[in-house]
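Working through the structure, step by step
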Amino acid sequence: MKRLIAIISILLSIIGICSIFLIPIELWQFKGFVATVDLYNIEINNQHFENVNELNLFLYVLWLMGGLLYFFSNYRELRLLRFTISFIFIYKLIAFPMRIYGTYVFLNAPPNEKNTFEYIYILIAGYFIYQILFLYGTYQSLIFLKKSKPIQLIEKINLNTTSSYPLEANRWQRFLNFTIDTIVWYSLYLSHYELFKRFVFFQDTIDTWESNDEIHYIPILILISSRWLYYTIFELLFRATPAKMLSETSVLNSMGTAATSAQILKRNILRLVPFNSLTFLFGYDLHDSNSNTKAYREERTGASGVIYLMLVPTLIVVCFSIYFGIKKYDSIKDIAWQKEIFKERLKTIHNNLDHISINDIIVLNSYGETKNKRYTLKVIAVNGNQINCQFNNPERSISTDREILERYNTKTNSTNRIVLNRLDLEKAIIQRYEDLPCGHFTASLTHKLKQLNLMKNKEAFFIDTILSLDQPMLHFDLSLVSANFIGLTITNYGIPSEITDIESNDKEVKWELDNCNLPVEIPNVLRKLNNSSVHPFEIIIKGEKEALTTIDFTISVRDSLGITHQYQVSGEEKNFNALIKELK
């Protein structure tokens, strides 16, 4: 039995941790089997993992450490394991009737793909059988582990006789019990209150309570009742709360023998007296003395208290390591994505420079000590490798492609002129993502760009982008997001074009136009500014799938010259930044 408890605890805690990071959202049907707890939602802010709840993560790590300590101590160190199992037991016990009600509401809701799939009833039956078995298993585990913790006895010599007496818990242990139990109870209260709010016949009333500042006695009653239930259930079933299991104390009668259920009930009714829980600090234990019960120490079978305290910094280190691991993973994934966008932008710059023509726009950005200085040049003539441009005064702010195009479409012609050499412009293209001026600058690259002297002012400039108006320039914005679909608004900044086809790159996701049929012209910002014809509505491309978070489809576009272009559009719903690859 000892080995079984240790192995199952280690296994379920690891599965629980994996359910936070690795279980795809679309497998929601199995979440109840792998996610042991679902505490009050405090999420780590991250991009690539959904629902990383810090409290759930903390409890799973605590459970894993408890299981490992129990196993490697030859089944002697069981404080942490008893604490976490007791926490999970009471969470499951209180949540069980709420889950039953929630399932009833779920099945009687309007039909949808979540409550009408073919094996729904088998899944629900399996879920509740699993929950009952889980409750029974945790209960039996706590009973079994309690048998390994006898009461600590001290010997007293009286004349010629020696007597053994149970050792009472000291004030510090009792204060520790009070503090930890308060934290545990309140975290359970917050978690179950969120479930409780979803009850149809309470929802309107609770919304009314929370919407005004008056004192409401029913929520106070719920708060007090939940605390009373917490202590009563634990002390009736196990004669110890989670905090007492952690501090190795147990409730007995004043003679040091097993307390009766009547004594436990009386003890916990007295807890309802205001400030009763703190009376032990002043030498008068109200709920103990009037119920003939006391808290006694259990024999220490594992590590000493000082060594055990080392678990606290260890646990903190583990949790922070996981936290910073998530942040590091986010950073690595984000940089990899930015590199992909950079590669595609680099390819576009090279292609547009090779085919540069009148009215194209070259954007030069400063590099080195001259920061945030930008020139926007409009091509007015091309003679071989000589490119004649006009430009306005340099800008200090960073503009988007759309803002640049809008500005040059509305401004009058500038009197500033310059002739650039195509070969010099090729040298002014940054070829590596690592060389981009993101808070640091490469000295050799700065020197090389200064030597080019593109703007004749001995400053270093590189090509930020080249915008070509004789081809489509597509832009996507995230416009609609729900649990079942993602909608993207498409705009064209280049030559007038129409969408002819949309094809999903994921067989499970359906991508299509939301509000019109193919083919359809793409709204064009420049044409609108010129008062030309434009569609009176926006074009939305919508993808549909349960828990959709990833965007990946191919769009075919035909421009006004009859040339067809294909683009692969990909990205993620969180922090959306579309990668648009032109396919050959």
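Our subject in this report is the structure included herewith. (Residues numbered from 1 in each chain as written. Predicted model: local features only at pLDDT ≥ 70, side-chain atom pairs only at ≥ 80, totals over all residues. Heavy atoms only, no water.)

Some remarks on the pattern of salt bridges
What the rule picks out here adds up to 22 salt bridges. As a salt-bridge pair, R345 and D401 come within 3.5 Å of each other at their nearest N and O atoms. On the criterion of sequence distance, the pair formed by R345 in helix α13 (residues 311–354) and D401 in helix α14 (residues 401–410) is long-range, its members being 56 residues apart. Here R345 falls in the partly exposed class, since its relative accessible area comes to 33%. The salt bridge involving K373 is made with E459; its shortest N-O contact spans 3.2 Å. With K373 in the loop between β5 (361–366) and β6 (374–383) and E459 in the loop between α16 (443–452) and β9 (461–467), this pair connects stretches of sequence that are 86 residues apart. (Salt bridge = Lys/Arg side-chain N within 4 Å of Asp/Glu carboxyl O. Helix = DSSP H or I, 4+ residues; strand = E, 2+ residues; numbered from the N terminus. Buried < 20%, exposed > 50% of the residue type's maximum accessible area, 1.4 Å probe, protein only.)

Some thoughts on the packing of helix α4 (residues 79–107) against helix α5 (residues 120–147)
In contact at an axis separation of 9 Å, α4 and α5 are set at 155° when each is read in the N-to-C sense. The pairing of α4 with α5 is recorded here as roughly antiparallel in orientation. Regarding α4 and α5, the two cross each other, and that crossing is left-handed. Considered class by class, the residues forming the contact of α4 with α5 number 20 nonpolar, five polar and four charged. (Axes fitted to C-alpha atoms, helices over the stretch in contact; angles between N-to-C directions. Parallel < 35°, antiparallel > 145°, perpendicular 65-115°, else oblique. Left-handed = near helix turned anticlockwise from the far one by under 90°. Nonpolar A, V, L, I, M, F, W, Y, C, P; charged D, E, K, R; others polar.)

A word on α16
Side chains of residues three or four places apart in an α-helix project in the same direction, reflecting 3.6 residues per turn. Those residues of α16 that fall on the buried side of the exposure criterion are L445, T446, L449 and L452. Down the axis of α16, the smallest arc covering the buried residues is 115°, so these residues share one side. Opposite the packed face of α16, turned more than 90 degrees from it, sit the exposed residues A443, S444 and Q451. In this structure, the buried side of α16 is in contact with α15 (422–427) and β9. Two residues or fewer past α16, N453 is found with a positive phi of approximately 50°. (Arc of directions from axis to C-beta. Contact = heavy atoms within 4.5 Å.)

Any link to function would need more than the numbers given here.
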